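# Close look at the chain arrangement
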Amino acid sequence: MKLFIDSANLKQIKEADALGIADGVTTNPTLVSKEEQDFKSLIQDICAVMGDRPVSAEGISTDTEGMLKEARTLAKWAPNVVVKIPMTADGLKAVRVLSQEEIKTNVTLIFTANQALLAAKAGATYVSPFMGRLDDIDQDGLLVVKDTAAIFENYDIRAEIIAASVRHPLHVSASAKAKAHIATVPPALIHQMIRHPLTEAGIKRFFQDWEKAKQQKDIEIER
Ligand code: E4P
């Protein structure tokens, strides 16, 4: 399973990249609005850090023509830009044209498996079901990921499923089990996934035992 970093913060993206776990980045207008840097240079800097790995960038148009204009501009900023398009009828029309122009798209704000199916049929490269926002309104975000994965498998659909709006570690492992291709994970959550109290206790114990043994014999490691 691939992991994308759900952030527009360059420092956090570089830190995640140093961990060797970042297969791509997703941004959205809310994440971009938190950064001081102008949009274009921010996306270009993120794209440069990621090399040939995909970076999703989103415009704000709601009509097909506007989406197409924004998408063509965004796609020129860097070769690894993927254009995020909202899941609407206008969005689907834009995705269809962009797929013919070989501009990669990530259809965002997906809340049902049917929406994911339509986005894939229109030619989306990625579809992003939002797990957390569904859970927030007492609906099962994981079920949408599971159903989408089953439908895509049934019909050999090539679009990749990005489990998005991921809020806690269980969302990541459960969407991996459900065969999502990708989970896009906020940086703080990556650290939650790394840490375990037994790992920390184990390290402490090994250190204490080593220190005790050092009093009696030479077990230093050269550094
Ligand atoms: C990713 O593509 C989405 O924009 C993001 O995961 C949304 O997450 P949120 O629901 O926590 O804002």
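Right, let's walk through the structure included here. (Residues numbered from 1 in each chain as written. Predicted model: local features only at pLDDT ≥ 70, side-chain atom pairs only at ≥ 80, totals over all residues. Heavy atoms only, no water.)

Right, let's talk about a negative patch on the surface for a bit. On the surface, Asp-135, Asp-138, Asp-140 and Asp-147 cluster together to form a negatively charged patch. Mapped onto the elements of the fold, Asp-147 is located in helix H8 (residues 141-154). (Patch = residues over 30% accessible without salt bridge, like charges linked within 9 Å, V, L, I, M, F, W, Y side chains within 5 Å. Areas by Shrake-Rupley, 256 points an atom, 1.4 Å probe, with all protein chains shown as cover. Salt bridge = Lys/Arg side-chain N within 4 Å of Asp/Glu carboxyl O. Lys, Arg positive; Asp, Glu negative; His and termini not counted. Charge placed at Lys NZ, Arg CZ, Asp CG, Glu CD. Helix = DSSP H or I, 4+ residues; strand = E, 2+ residues; numbered from the N terminus.)

Applying the stated criterion across every chain, the model contains 11 salt bridges. With a shortest N-O distance of 2.8 Å, Lys-2 and Glu-160 are connected by a salt bridge. With Lys-2 in strand E1 (residues 2-6) and Glu-160 in strand E7 (residues 160-163), the pair connects residues that are 158 residues apart, well separated along the chain. The exposure class assigned to Lys-2 is partly exposed, which follows from its relative accessible area of 30%. Taking the shortest distance from any N to any O, the salt bridge between Arg-205 and Asp-209 comes out at 3.5 Å. Of the two residues, Arg-205 and Asp-209 both sit in helix H11 (residues 197-216), four residues apart, roughly one turn of that helix. We classify Asp-209 as partly exposed; its relative accessible area is 34%. (Buried < 20%, exposed > 50% of the residue type's maximum accessible area, 1.4 Å probe, protein only.)

Turning next to the site of the ligand. Taken together, the residues surrounding the ligand are Asp-6, Thr-26, Asn-28, Lys-84, Phe-130, Arg-133, Ala-164, Ser-165, Arg-167 and Thr-184. Asp-6 is positioned such that a nitrogen or oxygen atom in its side chain is 2.7 Å from an oxygen atom of the ligand. At 3.1 Å, a side-chain N or O of Arg-167 approaches an oxygen atom of the ligand. Its free accessible area being 340 Å², the ligand has 84% of it covered by the protein chains. Of the residues that constitute the shell around the ligand, the class distribution is two nonpolar, four polar and four charged. (Near = heavy atom within 4 Å. Polar contact = N/O pair within 3.5 Å; in protein donor to acceptor, adjacent residues only side chain to side chain. Nonpolar A, V, L, I, M, F, W, Y, C, P; charged D, E, K, R; others polar.)

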